[in-house]
Amino acid sequence: MKYEVVIGLETHVELSTKSKIFCACGGHSEANEPNDCVCPACCGMPGMLPVTNRHAVELAVQAGIMLNCKINQYATFDKKSYYYPDLPCAYQITQWFHPICTEGYVDVPTKSGTSRIGIKQIHMEEDAGKLVHDDWADVTYVDFNRTSVPLIEIVSKPDFRSAEEVLNYLDKLKSMLRFGGISECEEGAMRCDVNISIRPEGTEELGVRSEIKNMSSLASIERAIKYEVARHTDALERHTETLVQETRRWDDMKNRTFAMRNKETAADYRYFPDPNLMPVVVDDAWLAEIKNSMHATIEEKTAEFTGMGLSAQDIASLVSERKLCDIFDAVVASGRKPTDTAAWILTDCAGILRRGGKVIGELDIAPEALSYIIGMVDEGKINRGVGKKVLSAVIEKGVSPEQYIKEQALDAKVDESLILETVRNVLTENTKAVADYLGGKEKALQSLFGGCMKVLRGKGDPAVIRELLVKEIEKLR
Amino acid sequence: MDYFVTEIDRAGTVAVDDTILVKGYETKAGSHILDGFVPLFSSDAVERLLKAGCTLRGKTHTGEFGLDLVGETSYHGVCKKADGTLSSAAAEAVAAGEVKQALCVDVNGAPRRGAALSGVDFLKPTYGTVSRYGIIPTACSGEQVGVCASDAEGVKEILSVIAGHDGKDGTSLPAEKYEYSADKDIAGMKIALVKELYDASEDAVKAAMDAYSAKLRKAGAAVEEISLPDVKAYATAWQIMLSAETCNNISRYDGVKFGYRTPTYKDIDELYVNSRTEGMGFTAKMNVLYGSDVLSKNRYMSCYDKSLRIRRLASEKMKEVFAGFDAVLCPAMSGASVAEYDLAETFEKTAKELLFTTVPNLTGIPAMVTCGVQLWAAAFGESTLLSIAGAMERSAN
Ligand SMILES: [Zn+2]
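Keep in mind it's a predicted model, so treat the numbers as computed, not measured.

## Describing the overall build of chain A
When you go through chain A residue by residue, the secondary structure sums to 16 helices and 16 strands. The globule rule puts the C-alpha radius of gyration for 477 residues at 23 Å, and the 30 Å found for chain A is more than 25% above it. Based on the C-alpha atoms only, the size of chain A along its principal axes is roughly 95 × 60 × 55 Å. Burial statistics for chain A: of 477 residues in total, 48% are counted as buried. Of the roughly 23500 Å² of accessible surface on chain A, 51% is carried by carbon and sulfur atoms.

Written out as structure tokens, the structure reads:
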């Protein structure tokens, strides 16, 4: 018999807020040491009360808008009770009764076109802490840096029919949320619970479901799905086991899933509305404000850049990283030409970063600084080579371009007589290259030109230097 | 009599109960499980007192998490009146002139009962007017810091200091400041006497109620009997919410982070179970059991959710009452004194007394105990309560 696989996903994503969801602590990314980013509230000390971070609500609403959801203008925060040492209050604040967004969808590209995946709901919640086990001393430590970091959980409908759809959906979510400034989606910061069952093709009724908890790597998700499909098929076809609805854990080393102990999964979470948090009421005015503050989508940006005459390849590179678009937009807004700006970012900046072992996504430059350098070159105050040198210093040392140019006297006008003198000196000192050139090796001119540039320390208009060089060397024929 | 579990300043004039945090002073809320817990910050109410120049005398005994009649379940021991009957340490300290005022958290009426038993005043203000930041939480949806003093003027003085918006409490109401008065004219006021609560009280209490009604009439107020037919259901609803919220709030005392930790455990489960078993008293455990049950999957709709709906009905009912009356008059508790008893009965005994004290906790309206009786007013009606109490106290002198 042929079987159809049915998968639903619960995806946890960390929101890019400056502070935690119910206290003023900075995000855990600022922490160097365990328990660096904690306060009495996120440590569960009695007497502290939670206060909702409005920005977290705004980001969750924006995620809902991106996923075509209905935004619930009345949402509640509810308490979910369970004991675990990384949960300081013994309850987690989540949205159980009235989530912020419901009923959405997202179109996912597949080999055969697109699949529409339904979104059941998006709810907000706080993250738990982390346990660190010291095997040597046999002690477990608790780190509350992550506690109360804002998360959204995106719950899909059971609309996936293949691992391919799952992976493409996660890819799409990741690029959408990153680009929209909703989440950094850093490695491991996007975690999934995968609900999976199979049924004979053509039937409607859902089969017995396994839930694989806490998956973060795409490769593991794919392998886990393959493993579960095979296990379920064996159970139905060859009666290798009786399937039960259960929670399972993926073991990457053993390449298989294991049923989790019943005790870990049969909990009654005793949900009830948190009396300390007023319901979240997103009124029309606030909703309009949230919509207005949304960043353009990848599709919108692509159309805009195409209109500016950028190449498809440059556009793809720019929209791969929200930060690059933002730098590009700001530089263009300051009056620089779009195609030029794209070249400066994607060729020059990228080259400098590559030399330092970094990728273009790590570019960290003030748009004003880049715009200033491009302007100096455009106005002929420095040549492009010097411009690149300044750019390196700005990117690598964080200097101000204006100050750097002044300190190094890079914009000093070079006297034509100085260039002429330099050219003559270089010609006298490099008799072999001169002879080569005169003997027909055109390439030798480049090394002589380089010699002049070196002496002049990059100053002087390259066109003038080249012109004088040719004139002088021809005199030697 | 030793009223204080912690001394702060012998020259201080205000006491706070042991569920209210004062930075640097051990706070146990009457429970062994909070052994050694020293808060890193003070409650908003305490901060306001200190800013206004008040000095703190010390922290008074409180029952474990404030869940008993008047404080008899305190890990520090009971507080007895001169005649051997029970009362609250805060009310007794005020009655004895040890302090001018005392702040107490009112979540199940215990400070109101204490005031009635010791013959002093206690006012629980409107929910959201005094910040709950920095109090050991039990039932967050109905608890509120109130003021105990020997007369209405004394209550007014401190209430004016501690009330006002606090951004650290998400349920704090927006008004920055509240102006209270204790000398509004009470002639012409209409006061409702709750039949069901009057009937449920003992003869001594009925006599006190009768005397108070007579005095009110003499001062020109009208006293009329009304019926709150569902008042028993209100009390049950609050018992359900009180236990559920308390159970949830005190789950954080698990021996892992602070407070008492058992010396004997093999693994994390035993650490939890033994710490809590050894650290919590009988009444706290009863609330945990009861609270877990009413929140469980199978009981949530028929217990907790139903209580939320009863709360709404109670609020509507009280709005209706206050459309026709300035205040409500009723007993603060069933009897006029409490003798020592077996603490295994605390949960049931306290549940019974909730009949008299629930409505203000459940619906957030203000309540005041004065001259051994209880008055309620509509939300923000503190001045009405203070004026009635003040007029009656002045006429008694
Ligand atoms: Zn914090």
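## Focus on the overall build of chain B
A tally of helices and strands in chain B yields twelve helices and eleven strands. By its C-alpha atoms, chain B is 70 × 50 × 45 Å across when sized along the principal axes. In chain B, which comprises 397 residues, the share counted as buried stands at 62%. Considering only residue pairs separated by 6 or more positions, chain B has 73% of its internal contacts joining residues 24 or more positions apart. Just so you have it, chain B exposes about 14100 Å², and 53% of that area is on carbon and sulfur atoms.

## Description of the coordination of the zinc ion
For the zinc ion, every protein donor is listed as C23 of chain A (SG), C25 of chain A (SG), C39 of chain A (SG) and C42 of chain A (SG), and the spread of their distances is 2.2 to 2.4 Å. Each of the four donor atoms around the zinc ion contributes to a set of angles spanning 99 to 115°, which defines the coordination as tetrahedral.

## Some remarks on the interface of chain A and chain B
Counting from both sides, the interface comprises 31 residues of chain A and, opposite them, 40 residues of chain B. The interface formed by chain A and chain B contains zero salt bridges. At the boundary of chain A and chain B, one finds ten residue pairs in polar contact (both at pLDDT 80 or more). At the level of secondary structure, the elements contributing two or more residues to the side of chain A that touches chain B comprise β4 (78-81) and β15 (272-273) of chain A.

## Let's talk about a nonpolar patch on the surface
Where nonpolar side chains cluster on the molecular surface, the patch consists of V132, V139 and Y141 of chain A and spans about 230 Å² of accessible area. Here Y141 of chain A lies in strand β9 (residues 139-143).

## A short note on the packing of helix α4 (residues 152-162) of chain B against helix α12 (residues 382-396) of chain B
The relative placement of two packed helices is expressed as an angle between their axes plus a distance between the axes. Residue and element names in this part refer to chain B. Contact pair α4 / α12: the axes reach a minimum separation of 8 Å and the direction vectors enclose 150°. As summarised for this structure, α4 and α12 are arranged roughly antiparallel, according to the angle between their axes. When α4 is examined against α12, the residues A152, V155, K156 and L159 are found in contact with a partner set consisting of E382, L386, A389, G390 and E393. Partitioned by chemical class, the residues of the contact of α4 with α12 number five nonpolar, one polar and three charged.

## Things to note about the pairing of strand β7 (residues 190-194) of chain B
Residue and element names in this part refer to chain B. Counting buried residues in β7 gives four out of five residues, a clear majority hidden from the surface. Examined bridge by bridge, β7 and strand β8 (residues 222-226) share five bridges and lie parallel to one another. Among the inter-strand pairings, L193 is bridged to a residue of β8, identified as E225.

## With respect to the pattern of salt bridges
Inspection of every chain in the model, using the stated rule, returns 47 salt bridges over all chains. For E4 of chain A, the salt bridge identified is with R199 of chain A, shortest N-O distance 3.0 Å. Of this pair, E4 of chain A sits in strand β1 (residues 3-14) while R199 of chain A sits in strand β11 (residues 190-200), and the two are 195 residues apart along the sequence. Between E270 of chain B and K266 of chain B there is a salt bridge, with its nearest N and O atoms 2.7 Å apart.

## A few points about the domain arrangement of chain A
All names here are of chain A. With domains assigned, chain A is organised as domain 1 (3-281), domain 2 (296-407) and domain 3 (416-474). Using only C-alpha atoms to locate each centre, domain 1 and domain 2 end up separated by 37 Å. The interface is formed by five residues belonging to domain 1 together with eight residues belonging to domain 2. Contact between domain 1 and domain 2 buries roughly 550 Å² in total, counting both sides, with carbon and sulfur atoms accounting for 60%. For domain 1, the biggest contributors to the area lost against domain 2 are S175, R178 and F179; these three give 84% of the whole. Counting every contact that joins domain 1 to domain 2 gives one salt bridge. Counting across the interface, domain 1 meets domain 2 through two residue pairs in polar contact (both at pLDDT 80 or more).

## Side note on the environment of V6 of chain A
Residue and element names in this part refer to chain A. Mapped onto the fold, V6 is located in strand β1. Along the sequence, V6 and A350 sit 344 residues apart, while their C-alpha atoms lie 43 Å from each other. Once residues lying within four places of it in the same chain are set aside, the contact partners of V6 are P158, F160, R161, N195, I196, S197, R199 and L206.

## Notes on the side chain of T350 of chain B
Residue and element names in this part refer to chain B. Among the structural elements, T350 can be located in helix α11 (residues 346-363). For T350, a relative accessible area of 4% gives the class buried. Here the side chain of T350 touches T346 through a polar contact of 2.7 Å, landing on its backbone oxygen.

## Quick look at the confidence of the model for chain B
Per-residue confidence for chain B gives a mean pLDDT of 95; residues scoring 70 or more make up 99%. Predicted complex, confidence summary: ipTM 0.92, pTM 0.85.

## Here's the deal with the sheet that holds strand β11 (residues 373-376) of chain B
All names here are of chain B. Pairing is mixed across the open sheet formed by eleven strands, whose spatial order is β1-β3-β2-β4-β6-β5-β10-β11-β9-β7-β8. Single-partner strands in this sheet number two, and they are β1 (4-7) and β8. The average angle at which neighbouring strand axes cross in this sheet is 25°, direction not considered. Bridge analysis of strand β10 (residues 367-370) against β11 gives four bridges, and the strand direction is antiparallel. Its bridge partner being in β11, V369 is matched across the sheet by Q374. Contacts between helix α6 (residues 203-218) and the sheet are confined to β7, β8, β9 (327-331), β10 and β11, with β9 contributing the most and set at about 155° to the helix.

## Some words on the nonpolar core
The biggest cluster of nonpolar side chains holds 61 residues, and the ones touching the most others in it are I100, I154 and Y169 of chain A. A total of eight residues in this core trace back to one element, the largest contributor, which is helix α2 (residues 163-179) of chain A. Counting residues in each nonpolar core, the second largest holds 60 residues, with V231, I240, I250 and Y253 of chain B among its members.

## Notes on the side chain of R199 of chain A
All names here are of chain A. A relative accessible area of 7% means that R199 is categorised as buried. In terms of polar contacts, R199 uses its side chain to reach the backbone carbonyl oxygen of T203, at 3.4 Å. If we ignore the near neighbours within four places in the chain, the residues touching R199 are K2, Y3, E4, V6, R161, E204, E205 and L206.

## What about the packing of aromatic side chains?
All names here are of chain A. Applying the stated criterion across every chain, the model contains 19 aromatic pairs over all chains. One aromatic cluster is present, formed by Y82, W96, Y269 and Y271 through successive ring pairs. The ring of F449 has R466 lying over it, and the distance from NZ or CZ to the ring centre is 4.2 Å.

## Overview of the packing of helix α13 (residues 416-429) of chain A against helix α15 (residues 444-455) of chain A
Residue and element names in this part refer to chain A. In the contact formed by α13 and α15, the axes pass within 9 Å of each other and the chain directions differ by 125°. It follows that α13 is oblique to α15 by the angle criterion. Regarding α13 and α15, the two cross each other, and that crossing is right-handed. Residues T422, V423, V426 and L427 of α13 form the contact with α15, whose participating residues are L448, G451, C452 and V455.

About the criteria used
- Residue numbers restart at each chain and count upward from 1, following the sequence in its written direction.
- Whichever chain is written first becomes A and whichever ligand is written first becomes 1, with later ones labelled in order.
- Two thresholds apply to this predicted model, a pLDDT of at least 70 for residue-level local features and 80 or more for giving and counting side-chain atom pairs, whereas whole-chain, interface and lining totals are computed over all residues.
- Where side-chain values are given, they derive from all heavy atoms of the structure, hydrogens and water being excluded.
- Segments assigned H or I by DSSP are reported as helices when at least four residues long, segments assigned E as strands when at least two residues long, and all are numbered from the N terminus.
- This radius of gyration counts C-alpha atoms alone. The globule rule is 2.2 Å times how many residues there are, raised to the power 0.38.
- Relative accessibility decides the category of a residue: with a 1.4 Å probe and only protein chains considered, values under 20% of the type maximum give buried, values over 50% give exposed, and everything between is partly exposed.
- Computed by Shrake-Rupley with a 1.4 Å probe, the accessible areas treat only the displayed protein chains as cover when residues are assessed.
- By the convention used here, residues are in contact when the closest approach between their heavy atoms is within 4.5 Å.
- In this analysis a donor is any N, O or S atom within 2.8 Å of a metal ion (3.2 Å for sodium, potassium and calcium), and since water is not included, sites may seem incomplete.
- Any coordination sphere not matching a tetrahedral pattern (four donors, all angles between 85 and 135 degrees) or a square planar or octahedral pattern (four or six donors, opposite donors over 155 degrees apart, other angles between 65 and 115) is reported as irregular.
- Salt bridge criterion: a side-chain nitrogen from Lys or Arg within 4 Å of a carboxyl oxygen from Asp or Glu.
- N or O atoms closer than or at 3.5 Å make up a polar contact, with two conditions inside protein: a donor-capable atom paired with an acceptor-capable one, and, for residues adjacent in sequence, both atoms drawn from side chains.
- Each patch is built from salt-bridge-free residues with over 30% relative accessible area, joining like charges within 9 Å and nonpolar side chains (Val, Leu, Ile, Met, Phe, Trp, Tyr) within 5 Å.
- Every axis corresponds to a line fitted to the C-alpha atoms, with the helix fit spanning only the stretch in contact, and the corresponding angles, defined between N-to-C directions, vary from 0 to 180 degrees.
- Orientation labels follow simple angle bins: below 35 degrees gives roughly parallel, above 145 gives roughly antiparallel, 65 to 115 gives roughly perpendicular, and whatever is left gives oblique.
- Amino acids outside the nonpolar list (Ala, Val, Leu, Ile, Met, Phe, Trp, Tyr, Cys, Pro) and the charged list (Asp, Glu, Lys, Arg) are all regarded as polar, and Gly is one of them.
- DSSP-based pairing: two strands are paired if at least 2 bridges between them are found.
- Domain start and stop positions are those given by an automatic or database domain assignment.
- Using a 1.4 Å probe, buried area is obtained as the accessible area two parts lose upon being combined, added over both of them.
- As a per-residue quantity, pLDDT reports the predictor's confidence and falls between 0 and 100.
- We define a nonpolar core as any set of buried Ala, Val, Leu, Ile, Met, Phe, Trp, Tyr and Cys residues linked to one another through side-chain atoms lying within 4.5 Å.
- Between the rings of Phe, Tyr and Trp (Trp by its six-membered ring), a pair exists once the centres lie within 6.5 Å; its type follows the angle of the planes, with under 30 degrees stacked, over 60 edge-to-face, and the other angles tilted.
- We call a charge positioned above a ring when the Lys NZ or Arg CZ atom is no farther than 6 Å from the ring centre and deviates by at most 35 degrees from the ring normal.
- Crossings are classed by handedness, with left-handed meaning an anticlockwise turn of the near helix from the far one by less than a right angle and right-handed meaning a clockwise turn.

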